[in-house]
Amino acid sequence: MNSNPVLRILKAKAFLLVVIGALALVISKSIVAGMAMHENFATKGNDDIMRLLTVRDWLAGQGWYDVRQYRLMPPEGVSLHWSRYIDAGISAIILPLTMFVPMDTAEQIAVTVWPTLVLVVSVLVVGFGSRRVFGTTAACFAVLCIVLWPLTADLHSRAGNLDHHNIQWLMMVIMSFAVIWPNHPRKAGFIGGIAAAFSLAVGLESLVFIVGVGIIVFVRAALSSTQESRKFLATFCTTLGLGCVGLWLGQTGPADRAVLMCDQLGPPTLLMVGIAMIASLFVVVLANRQTNPFLNLGLAAGVTIAGLLVAWPMLAHCLAGPYAQIPAELQELIATQVTEAKPGLVYARTRAAAALVFTIPIFVAVGFGLIKWFGERDGSVRGKHAHKALGLLLLMCMIGIPMMFLQMRTVIIAAAVAPMIGGVVMADRIGQYLGSRNLKDGLVALVIGLMLLSPKTIVRSVAPILPSSTGGGNSAQDDCRSYKSLIALNEVPSTVIFTHINFGPSLIWATHHSSLAAPYHRSADAFLNGIVPFQMEEADFVSYVRDTTATHLLLCRGFNYQSEYVRGLASGGSADWLRRVPVSSEDQLLFEILR
């Protein structure tokens, strides 16, 4: 059997074949989705649509430092806490295409190419990085995990996903490999520091992961007797600090540089990075003098505490998170009604199947990864390094697990590391089976493989006992947000429209109208406008809408609004304070507000 030339080639080229197959799957899915992107893009996430709007506005002449959306809550608009660096990447795809195709076509190609490109780079980084540290078999399974697990393959990486979470995921992957790289500590520290700085520049969602990684390499340098760990720490923290300052200056206008912003890279974050950098360099200096490692940690902790106390007036208001400055009512709405912002257990109660698909591979990877780590027996040099690397990956993955219970969207923190751990686990289990040819070992490997690579299969098998997902009206919502339906509103002259929160960004993208509702916390009014009135009954709803600057009310026919009164209007009802404005789409119910 081993003499079969086909099997020999498959074994010799296994990694290359897996990577080619994975990339073929990613690209083919992207092409299929991209074919219908023009019609379906308006049904994507609000952040994806708003990102394209910011790119469009910048290409149309809006300033680099001006990230305000002026057609949301006009005329002042709403400032977004996003980075122009992502806009620049997407624009680099759009601009060359406009020489050959119309602008709208170039946009739709770009929204397909951008997330696909990010996922392709992620697959290559994980594949080649895992092979270098853990070997071919582990790398093959790590790659398969990325392209088969819906969390990494679809949630933020499919065609149309323009939010910055896929970039942050990639940056966390790069940081993880930098920490476990077997040699060249200065090069690894530099790459890891740049990745961390860029991740913070595009959004602070990865801040907890970066802090966790910093603590890990900080303690390693203090307790380890190797120069490599100290070189890595010194290079990583210095690059992170200087990189953050440079990227902050590059994306923040002079007028805003003194603003103590807690929801994007600004003075509070820079202060924390600076304090960590000073404490880390202090540890490196002490460790190089061969002083007591625990004394080093204590002194560095003292430096950190002293720095935080000095900087406290600029940091205190950020401890409550980016939502601290908005009304308590809105904070409650975000936590309970914005899907991705829900705590993990709340999310699981309403979307049990999705929660399991997202988390099963993480818990399986960590659980069996710990079993392998504690039972490791390989005494070779490569085996010892792989053992240490696995332990570090497990620590980094466990940073994200408690965060999931606070907000479900932070699942990407653990997901950045889980595929590599899963690859190691599968390589170990396959090795055990091939060594023993025991049916039990084979069945265990098969079950673990299903949970890591195809959690949907596991979830489908237990679907009858899972709670049903809540939230109706999704079909009606998608019909209303389709491009064909939305452009019917262009039959009416440009105006300001009052609508539900899920329709605001789509409305702005597809039409010439402005909106008063979208889910961005820098405008409490825009957030509240899209939720609160649609829970009110007639008198309160009428009063609320008439008190705004809207000239028209837009409802989606058949949408399951919480208010019985609004549902009645959406089912074809009428009111003496509204005048129906006919449009060619049956899905849209547009009313002029009579004052």
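Residues numbered from 1 in each chain as written. Predicted model: local features only at pLDDT ≥ 70, side-chain atom pairs only at ≥ 80, totals over all residues. Heavy atoms only, no water.

Engineer: Got a minute to help me understand the overall build of the protein chain in this structure?
Structural biologist: Within the protein chain, the secondary structure is distributed over 28 helices and seven strands. In terms of overall size, the protein chain behaves like a compact globule, its C-alpha atoms giving a radius of gyration of 26 Å where 595 residues would be expected to give roughly 25 Å. Seen along its three principal axes, the alpha-carbon backbone of the protein chain occupies a region of about 80 × 65 × 50 Å. Considering the protein chain as a whole, with its 595 residues, one finds that 52% of them fall into the buried category. Surface summary for the protein chain: the accessible area is close to 25800 Å², and the carbon and sulfur share equals 65%. (Helix = DSSP H or I, 4+ residues; strand = E, 2+ residues; numbered from the N terminus. Rg over C-alpha atoms; globule rule 2.2 N^0.38 Å. Buried < 20%, exposed > 50% of the residue type's maximum accessible area, 1.4 Å probe, protein only. Areas by Shrake-Rupley, 256 points an atom, 1.4 Å probe, with all protein chains shown as cover.)

Engineer: What am I meant to see in the pattern of salt bridges here?
Structural biologist: Side chains that differ in sign of charge can pair as their charged atoms come close. Within the structure shown, the criterion is met by eight salt bridges. A salt bridge links arginine 522 to aspartate 263; the shortest N-O distance between them is 2.9 Å. Pair noted here: arginine 522 is in the loop between strand S4 (514-515) and helix H26 (524-529) and aspartate 263 is in the loop between helix H12 (227-251) and helix H13 (267-288), with a separation of 259 residues, a long-range link. Here arginine 522 falls in the partly exposed class, since its relative accessible area comes to 31%. A relative accessible area of 12% means that aspartate 263 is categorised as buried. Salt-bridge contacts for lysine 372 lead to aspartate 428; the nearest nitrogen and oxygen are separated by 3.6 Å. (Salt bridge = Lys/Arg side-chain N within 4 Å of Asp/Glu carboxyl O.)

Engineer: Just to check I follow, could you spell out the state of the cysteines for this structure?
Structural biologist: Every disulfide links exactly two cysteines, by a covalent bond between their sulfur atoms. Tallied over the full model, the rule gives two disulfides. Bonded cysteines in the protein chain are paired 1-2, 3-4 when counted in the order they occur along the chain. Not engaged in a disulfide, the cysteine cysteine 140 finds its nearest cysteine sulfur in cysteine 145; these two sulfurs lie 13 Å apart. Unpaired in terms of disulfides, cysteine 237 finds its nearest cysteine sulfur in cysteine 244, a separation of 12 Å. A residue is classified by how much of its surface remains accessible, and cysteine 237, at 5% relative accessible area, is buried. (Disulfide = S-S within 2.5 Å.)

Engineer: For this particular structure, what's the right way to read the pairing of strand S5 (residues 552-556)?
Structural biologist: Side-chain direction in a regular strand flips from residue to residue, so the side chains alternate between the two faces of the sheet. Burial runs high along S5: five of the five residues are buried. In S5, alternate side chains face the same way, and those of His552, Leu554 and Cys556 on one face and Leu553 and Leu555 on the other are all buried. Strand direction decides the pairing type here: strand S3 (residues 496-498) and S5, joined by two bridges, are parallel. When the bridges of S5 are listed, isoleucine 497 appears paired with histidine 552. Alignment of S5 against strand S7 (residues 588-593), held across five bridges, turns out to be antiparallel. Note on S7: the bridge partner recorded for leucine 553 is phenylalanine 591. (Pairing = 2+ DSSP bridges.)

Engineer: Is there a simple way to explain a negative patch on the surface in this structure?
Structural biologist: Residues Glu537, Glu538, Asp540, Glu564 and Asp576 make up a contiguous surface patch of negative charge. Position of glutamate 538 relative to the elements: it lies in helix H27 (residues 538-546). What makes glutamate 538 partly exposed here is its relative accessible area of 44%. (Patch = residues over 30% accessible without salt bridge, like charges linked within 9 Å, V, L, I, M, F, W, Y side chains within 5 Å. Lys, Arg positive; Asp, Glu negative; His and termini not counted. Charge placed at Lys NZ, Arg CZ, Asp CG, Glu CD.)

Engineer: Just to check I follow, could you spell out the packing of aromatic side chains for this structure?
Structural biologist: Centre-to-centre distance and the angle between the planes together describe a pair of aromatic rings. Applying the stated rule across the entire model yields 17 aromatic pairs. Ring geometry for tryptophan 82 versus tyrosine 520: centroids 5.7 Å apart, planes at 90°, classification edge-to-face. Of this pair, tryptophan 82 sits in the loop between strand S2 (78-79) and helix H5 (84-97) while tyrosine 520 sits in the loop between S4 and H26; the two residues are 438 residues apart in sequence, bridging distant segments of the chain. Take tryptophan 82: its relative accessible area is 8%, and that puts it in the buried class. Residue classification places tyrosine 520 among the buried positions, given a relative accessible area of 5%. For the ring pair phenylalanine 534 and tyrosine 561, a centre distance of 5.5 Å and an interplane angle of 20° mean the geometry is stacked. Of the two residues, phenylalanine 534 sits in the loop between H26 and H27 while tyrosine 561 sits in the loop between S5 and helix H28 (564-570), which places them 27 residues apart along the sequence. Tyrosine 561 matches phenylalanine 534 in its accessibility class, with the two residues each being buried. Three or more aromatic residues joined by ring pairs make a cluster, and in this case those are Phe498, Phe503, Phe534, Phe541, Tyr544, Phe559, Tyr561, Tyr565 and Trp577. We note arginine 132 situated over the ring of tryptophan 181; from NZ or CZ to the ring centre the distance is 5.9 Å. (Phe/Tyr/Trp six-rings, centres within 6.5 Å; stacked < 30°, edge-to-face > 60°. Lys NZ or Arg CZ within 6 Å of the ring centre and 35° of its normal.)

Engineer: Is there a simple way to think about the nonpolar core in this case?
Structural biologist: Where a protein is soluble and globular, its nonpolar side chains tend to be buried together. Of all hydrophobic cores here, the largest spans 186 residues; its most connected members are Phe134, Ile180, Met396, Phe541, Leu555 and Trp577. Aside from chain neighbours lying at most four places away, what touches tryptophan 577 is Phe541, Val542, Val545, Arg546, Leu553, Tyr565, Glu592, Ile593 and Leu594. (Core = buried A, V, L, I, M, F, W, Y, C linked by side-chain atoms within 4.5 Å. Contact = heavy atoms within 4.5 Å.)

Engineer: Hey, could you run me through helix H10 (residues 185-202) in this one?
Structural biologist: Every α-helix carries 3.6 residues per turn, so stepping three or four residues along brings you back to the same face. Its 18 residues place the ends of H10 26 Å apart at the C-alpha level, agreeing with the 26 Å of an ideal helix rising 1.5 Å per residue. Contact partners of the buried residues in H10: H5, helix H9 (165-180), helix H11 (207-223), H12 and H13. (Expected span 1.5 Å × (residues − 1).)

Engineer: Could you clarify how one ought to interpret the side chain of threonine 152 in this entry?
Structural biologist: Counting through the fold element by element, threonine 152 comes out in helix H8 (residues 150-155). In this structure the side chain of threonine 152 is engaged in a polar contact, spanning 2.8 Å, whose partner is the backbone oxygen of isoleucine 146. The contacts of threonine 152, once residues within four sequence positions are left out, are Leu119, Cys145, Ile146, Ser157, Trp169 and Ala415. (Polar contact = N/O pair within 3.5 Å; in protein donor to acceptor, adjacent residues only side chain to side chain.)

Engineer: Where do I start with the packing of helix H20 (residues 418-436) against helix H21 (residues 439-453) in this structure?
Structural biologist: For any two helices packed against each other, the geometry is given by the interaxial angle and the distance between the axes. Between H20 and H21, whose axes approach to 9 Å, the crossing angle comes to 160°. Overall, the two elements H20 and H21 adopt an arrangement that is roughly antiparallel. Two packed elements cross with a definite hand, and for H20 against H21 that hand is left-handed. Contact with H20, carried on its side by Gly422, Val425, Met426, Arg429, Ile430, Gln432, Tyr433 and Ser436, involves Asp441, Gly442, Val444, Ala445, Ile448, Gly449 and Leu452 of H21 and no other residues of that element. (Axes fitted to C-alpha atoms, helices over the stretch in contact; angles between N-to-C directions. Parallel < 35°, antiparallel > 145°, perpendicular 65-115°, else oblique. Left-handed = near helix turned anticlockwise from the far one by under 90°.)

Engineer: Quick question: what am I supposed to make of unusual backbone geometry here?
Structural biologist: For residues that are not glycine, phi is negative in most cases, and the peptide bond is trans in most cases. Residue proline 75 is bonded to the preceding proline 74 through a cis peptide linkage, with omega at 5°. One can find proline 75 in the loop between strand S1 (68-69) and S2. Even without a glycine there, the phi angle at arginine 437 is positive, about 55°. Here arginine 437 falls in the exposed class, since its relative accessible area comes to 58%.

Engineer: Please explain helix H14 (residues 293-315) as it appears in this structure.
Structural biologist: Bending of H14 peaks at approximately 40° at the position of leucine 309, with proline proline 313 no more than four residues after it. All of the buried residues along H14 are Asn296, Leu297, Ala300, Gly307, Ala311 and Leu315. Next to the buried residues of H14 lie H11 and H13. (Bend = angle between axes of the 7 residues up to and from the residue.)

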